[in-house]
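Here is what each chain is made of, one letter per residue.
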Amino acid sequence: MTYQADDGRYERQPYNRSGRSGLKLPAVSLGLWHNFGDTRPIENSRAILRRAFDLGVTHFDLANNYGVPYGSAETNFGRILREDFIPYRDELIISTKAGYDMWPGPYGEWGSRKYVLASLDQSLRRMGLDYVDIFYSHRPDPQTPLEETMGALDRAVRSGKALYAGISNYSAEQTVQAARIMRELGTPLLIHQPSYSMINRWIEDGLLDAVEEAGMGCIVFSPLAQGLLTDRYLDGVPADSRAATSRFLSADRIDLDLARGLDEIARGRGQTLAQMALSWTLRDPRVTSVLIGASSVRQLEDNVACVDGPAFTEDELAAIDKVTEGYTAR
């Protein structure tokens, strides 16, 4: 059946300006890291993407090595884009990244001009696009001059293969340096993509200030701490959960007292734990958008509903800080 987007899609969530740029992003964006590769049914991926757009999620975030095997998330997204979303291309923000390992040999990862620009070309071919809206350096390269990596991002924008440039996983100091270089080149950085959650607050120690000073936006990933901040683990570790099956989260990181304490606060707010965790990351106006993943339409709908939650009271924030004290990474 031919997809036709919901006419009310722009009435369902706020759109926030990314720093001092002209670009607005939805409060909730969809990341395609885990659930869009060849190991997942493409019709499930299609259903999630369709429903996301119907709910006002206009931003789809990828990277060159997302999916199993690497690149398959971009390939599958490109297929769905061609079949469902081409009429809506100008309503979408599509991003991708280069930085982590992608192909064998010395030119298949990190931040050299050779790798970054070759990766962008490969991503565009996989997705069937002439350009992406945002192209990121996925991580800083300790052995490549920052000027070279930023020069590659500048080239990507000037070539028309990307509209905006961003960085991910850069420290506050590296962000200041990168922003300065890009201003001098004439292509200001649009956005930073760091990890952030109630139990991972490292960006509060300088990075958010650096992003604000540079006029950049901030879009945060892993706001649910790989599932720790959901009701998935309130009663232990299910055999099919990410903690039991994924290398990105181990069962020994599960803290039942933490999850149950936060869940009690969430229920008092009329939210699920996941919804509260997402709302919490968006409480700071310097956070432009929060990236969620979704393995099902129901999970997507539940998480996007975080935008309907009430504002936090000082007592609620203090209670969250008390529960997370000693667990919080800074």
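Look above for the structure.
These numbers come from a predicted model, not from an experiment. (Residues numbered from 1 in each chain as written. Predicted model: local features only at pLDDT ≥ 70, side-chain atom pairs only at ≥ 80, totals over all residues. Heavy atoms only, no water.)

### Describing the side chain of Ser-112
Filter applied, for reference: A run of H or I in DSSP becomes a helix once it reaches four residues, and a run of E becomes a strand once it reaches two; helices and strands are each numbered from the N terminus. The buried label applies to any residue whose accessible area, calculated with a 1.4 Å probe on protein chains only, is under 20% of its type's maximum; exposed applies above 50%, and partly exposed to all values in between. Polar contacts, as used here, are pairs of N or O atoms within 3.5 Å; protein pairs need one atom able to donate a hydrogen and one able to accept it. Residues neighboring in sequence count only if both atoms are side-chain atoms. Note on contacts: a residue pair qualifies if any of its non-hydrogen atoms lie within 4.5 Å across the two residues.
Among the secondary structure elements, Ser-112 is positioned in the loop between β5 (93-98) and α3 (113-127). Exposure remark for Ser-112: the relative accessible area of 17% places this residue in the buried category. Within polar-contact distance, the side chain of Ser-112 engages the backbone nitrogen of Tyr-115 at 3.1 Å. With residues near it in sequence (within four places) discarded, Ser-112 still touches Asp-141, Thr-144 and Glu-148.

### Side note on the pairing of strand β7 (residues 162-168)
Note the following rule: A pair of strands counts as paired when DSSP detects no fewer than two bridges linking them. Here is how to tell: hold the view so the strands point away, follow the path from the first strand over the helix to the second, and if it runs clockwise the crossover is right-handed.
A large share of β7 lies buried, amounting to 5 of its 7 residues. Where strand β6 (residues 132-137) lies against β7, 5 bridges are found, and the strand directions are parallel. Counted as the bridge partner of Ser-137 is Ile-167 from β7. The β-α-β motif built from β6, the intervening helix α4 (residues 146-158) and the parallel element β7 has right-handed crossover chirality. With respect to chirality, the unit in which β7 leads through helix α5 (residues 172-185) into the neighbouring parallel strand β8 (residues 189-193) is right-handed.

### A short note on the layout of surface pockets
Counted only if it meets this: Grid points spaced at 1 Å over the protein atoms alone were grouped into cavities, where a 1.4 Å probe fits but cannot get out, and pockets, open sets with protein on both sides within 12 Å along at least five of seven lines, with lining residues defined by an atom within 4 Å of a point. Grid points are joined across faces, edges and corners, and a volume is the space filled by probe spheres set on the points. Amino acids outside the nonpolar list (Ala, Val, Leu, Ile, Met, Phe, Trp, Tyr, Cys, Pro) and the charged list (Asp, Glu, Lys, Arg) are all regarded as polar, and Gly is one of them.
Empty space within the second largest pocket amounts to approximately 210 Å³. Lining the second largest pocket we find 16 residues, and of these Ser-279, Leu-282, Arg-283, Cys-306 and Val-307 sit closest to its centre. Its residues assigned to classes, the lining of the second largest pocket comprises 10 nonpolar, 4 polar and 2 charged.

### Points about the sheet that holds strand β3 (residues 28-31)
Rule in force here: To get an axis, a line is fitted to the C-alpha atoms, and for a helix only the part in contact is used. The angle between two axes follows their N-to-C directions and goes from 0 to 180 degrees.
On the basis of which strands lie adjacent, the closed barrel formed by 8 strands has the order β3-β4-β5-β6-β7-β8-β9-β10 and parallel pairing. On average, each strand axis in the sheet is inclined to that of its neighbour by 30 degrees, with strand direction left out of account. Pairing of β8 with strand β9 (residues 217-220), which is carried by 2 bridges, proceeds in the parallel orientation. Across the sheet, residue His-192 finds its bridge partner in β9, namely Cys-218. Running at roughly 160 degrees to β8, α5 makes contact with β7 and β8 of the sheet.

### Points about the pairing of β3
What you see with β3 is no split at all: Val-28 and Leu-30 on one side and Ser-29 and Gly-31 on the other are buried throughout. Where β3 lies against strand β10 (residues 289-292), 3 bridges are found, and the strand directions are parallel. Among the inter-strand pairings, Val-28 is bridged to a residue of β10, identified as Val-290. Pairing between β3 and strand β4 (residues 59-61): 2 bridges, direction parallel. Paired with Leu-30 across the bridge in β4 is Phe-60. Taking the sense of rotation as the criterion, the β-α-β connection linking β3, helix α1 (residues 42-54) and β4 turns out right-handed.

### Quick word on the packing of aromatic side chains
Note the threshold: Note on aromatic pairs: the rings of Phe, Tyr and Trp (six-membered ring only in Trp) are paired at centre separations within 6.5 Å, and the planes decide the class, stacked below 30 degrees, edge-to-face beyond 60, tilted for the rest. We call a charge positioned over a ring when the NZ of a Lys or the CZ of an Arg lies within 6 Å of the ring centre and within 35 degrees of the ring normal.
Enumeration according to the criterion identifies 10 aromatic pairs in this entry. Put simply, the rings of Tyr-3, Phe-53, Phe-60, Phe-77, Phe-85 and Tyr-88 pair up and form one aromatic cluster. Positioned over the ring face of Tyr-136 is Lys-97, at 5.6 Å from the centre of the ring. In this structure, Arg-269 packs its charged tip against the face of Phe-312, placed 3.7 Å from the ring centre.

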